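Reading the structure
Chain residues, written in single-letter form:
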Amino acid sequence: MTARQKLISKIKNMKSGLILSCLEDMAKPWDRRTEEERAARAYMLDELERRMNNEDRFDCFLDKLEELEESKR
């Protein structure tokens, strides 16, 4: 199993609240993230979107997250 597969598997086993918390804790502008942070963020967002099963709710969370990230400039 590759490191990527292990990370995705670990994220799939996380509770939704923990994923939300991790995303908020990791929040920072895009240009200040490492490649690893970008990958982890993308995998967490993919999993969260799958679980939410509600495009409006997910978009609302993304807007909030982007606002938080920009506030850290």
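Note: the structure precedes this text.
This section reports on the structure supplied with the text.

On the surface, a cluster of negative charge is made up of Asp 46, Glu 49, Glu 55, Asp 56, Asp 59, Asp 63, Glu 66 and Glu 67. Residue assignment for the negative patch shows that the elements contributing at least two residues are α3 (35-52) and α4 (55-70). Top element by residues in the negative patch is α4. It accounts for six residues. Relative to the assigned elements, Asp 46 resides in helix α3.

What follows deals with the pattern of salt bridges. Under the counting rule described, the total for this entry stands at nine salt bridges. For the salt bridge of Glu 47 with Arg 50, the shortest nitrogen-to-oxygen distance reads 2.5 Å. Taken as a pair, Glu 47 and Arg 50 lie in helix α3 at a separation of three residues, close to a single helical turn. We classify Glu 47 as buried; its relative accessible area is 4%. Several salt bridges share partner residues, and in doing so they unite Asp 31, Glu 70 and Arg 73 into one network.

Conventions used here
Residues numbered from 1 in each chain as written. Predicted model: local features only at pLDDT ≥ 70, side-chain atom pairs only at ≥ 80, totals over all residues. Heavy atoms only, no water. Patch = residues over 30% accessible without salt bridge, like charges linked within 9 Å, V, L, I, M, F, W, Y side chains within 5 Å. Areas by Shrake-Rupley, 256 points an atom, 1.4 Å probe, with all protein chains shown as cover. Salt bridge = Lys/Arg side-chain N within 4 Å of Asp/Glu carboxyl O. Lys, Arg positive; Asp, Glu negative; His and termini not counted. Charge placed at Lys NZ, Arg CZ, Asp CG, Glu CD. Helix = DSSP H or I, 4+ residues; strand = E, 2+ residues; numbered from the N terminus. Buried < 20%, exposed > 50% of the residue type's maximum accessible area, 1.4 Å probe, protein only.

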